[in-house]
Amino acid sequence: GAGVSQTPSNKVTEKGKYVELRCDPISGHTALYWYRQSLGQGPEFLIYFQGTGAADDSGLPNDRFFAVRPEGSVSTLKIQRTERGDSAVYLCASSLGTGQTQETQYFGPGTRLLVL
Amino acid sequence: GDSVTQMEGPVTLSEEAFLTINCTYTATGYPSLFWYVQYPGEGLQLLLKATKADDKGSNKGFEATYRKETTSFHLEKGSVQVSDSAVYFCAPPVYGNNRLAFGKGNQVVVIP
C-alpha cells in the first residue's frame, strides 16, 4: 500500500515568508509525528498528533511554528515569518496509534526547506 | 533529561568487514529500542528493534541486543556489503507519546 507522502519535496522561500508543509499519513494510522532534521544531525521531534488533537507540541521551537490535523488524517505544518535557521528537512511519520512503545513509525521522504 | 549517544564520526570500512556502531542511553528504562537507517536518497526506515531488556533485534544480517546493565544497544553486522552504505540512527521511543529520541547518526561507507 501507499506509504507516507509529503509535499512539496523541496521548498525555497525568502526570509519572512509563510510556508505550509503537508503530510499524508498511511491510511488508518491515528498517530502522526513531525520531526526536523538539520544537516548532519538526527531528526528532532516537533509535534505529535493522536487523531485530530496535538497530544504533545513540546518540540515546536517557538510560536512561529504551528501544525494542524483537522480530520485526523492529513496534517499541515505551518511556519510564519520564516528565518534562515528554519532551513532543514521536515519529516513526517505515522504509526497505528495503539500506544504500544514498540510500535513502528513509518517516515515520509521529507520536505527540504531552504530559507534564503 | 534523557539522551542517546552514538559513537562519533563516520565509519569507513571494506566489504566483508565487521561493523559495530555503539549506542548508549542515559534514561533508566526505555520501553523499547530501535535502530533506523537512511539509505542514500531514501527516507528513514526501521532496521530493527528490541522490545525489552535482553531482547535481541535482527534484520538484514544486523543485530543489536538491549543491554540494560550497560545501557547500550550496539549495532553489529558480521560482513558488510556496499549496499549497507547509509546513515544509521539509534532511536529509543520516549514514554508517554512514543516520540523517537534520535542520536546524531553514523554515516557508514562500505568500499568494495
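Residues numbered from 1 in each chain as written. Chains lettered and ligands numbered in written order. Predicted model: local features only at pLDDT ≥ 70, side-chain atom pairs only at ≥ 80, totals over all residues. Heavy atoms only, no water.

K.L.:
Sorry, what's going on with the interface of chain A and chain B here?
P.N.:
Where interface size is given, it is often the accessible area lost as the parts come together that is meant. Counting residues at the interface gives 20 residues for chain A, matched by 19 residues for chain B. Together chain A and chain B conceal approximately 1600 Å² of surface at their shared face, both sides included; 53% is due to carbon and sulfur atoms. Of all residues in chain A, the largest losses of buried area upon contact with chain B belong to T101, Q102 and F107 of chain A, amounting jointly to 32% of the total for that side. The tally of links from chain A across to chain B stands at zero salt bridges. At the junction of chain A with chain B, the criterion picks out three residue pairs in polar contact (both at pLDDT 80 or more). Of all the secondary-structure elements, those providing two or more residues to the side of chain A that touches chain B are β4 (31-37) and β5 (44-50) of chain A. The greatest single-element share of the side of chain A that touches chain B, amounting to three residues, is contributed by β4 of chain A. When grouped by side-chain class, the residues that make up the side of chain A that touches chain B number seven nonpolar, eleven polar and two charged. (Contact = heavy atoms within 4.5 Å. Buried area = accessible area lost by both parts, 1.4 Å probe. Salt bridge = Lys/Arg side-chain N within 4 Å of Asp/Glu carboxyl O. Polar contact = N/O pair within 3.5 Å; in protein donor to acceptor, adjacent residues only side chain to side chain. Helix = DSSP H or I, 4+ residues; strand = E, 2+ residues; numbered from the N terminus. Nonpolar A, V, L, I, M, F, W, Y, C, P; charged D, E, K, R; others polar.)

K.L.:
In this structure, what is going on with the sheet that holds strand β3 (residues 19-21) of chain B? I would like to understand it.
P.N.:
Two pairing modes exist for strands in a sheet, parallel and antiparallel, and in both the strands are linked by backbone hydrogen bonds. Residues and elements named next belong to chain B. On the basis of which strands lie adjacent, the open sheet formed by four strands has the order β3-β9-β8-β7 and antiparallel pairing. Both outer strands of the open sheet, β3 and β7 (56-59), are each paired with one neighbouring strand and no more. Averaged over all pairs of adjacent strands, the angle between strand axes in this sheet comes to 15°, irrespective of strand direction. Bridge count for strand β8 (residues 62-65) against strand β9 (residues 75-77) is three bridges, and the pairing is antiparallel. Considered in β9, the bridge of A64 is made with L75. (Pairing = 2+ DSSP bridges. Axes fitted to C-alpha atoms, helices over the stretch in contact; angles between N-to-C directions.)

K.L.:
Would you mind going over the pattern of salt bridges with me for this structure?
P.N.:
Two side chains of opposite charge can pair, provided their charged atoms sit close to one another. Residue and element names in this part refer to chain A. If you walk through the whole model with that rule in mind, you get five salt bridges over all chains. One salt bridge in this structure joins D24 and R22, with 2.8 Å as the shortest N-O distance. Residue D24 is classed as partly exposed on the basis of its relative accessible area of 24%. Sharing partners across several salt bridges, the network here consists of R64, E83 and D86. (Buried < 20%, exposed > 50% of the residue type's maximum accessible area, 1.4 Å probe, protein only.)

K.L.:
Could you clarify how one ought to interpret the sheet that holds strand β7 (residues 65-68) of chain A in this entry?
P.N.:
Residue and element names in this part refer to chain A. Strand order in the open sheet formed by four strands is β1-β3-β8-β7, with antiparallel pairing between adjacent strands. On the outer flanks of this sheet lie β1 (5-7) and β7, each paired with one strand and no other. Going from strand to strand, the sheet's axes swing by 15° on average, the running direction of each strand aside. Examined bridge by bridge, strand β3 (residues 19-24) and strand β8 (residues 75-79) share five bridges and lie antiparallel to one another.

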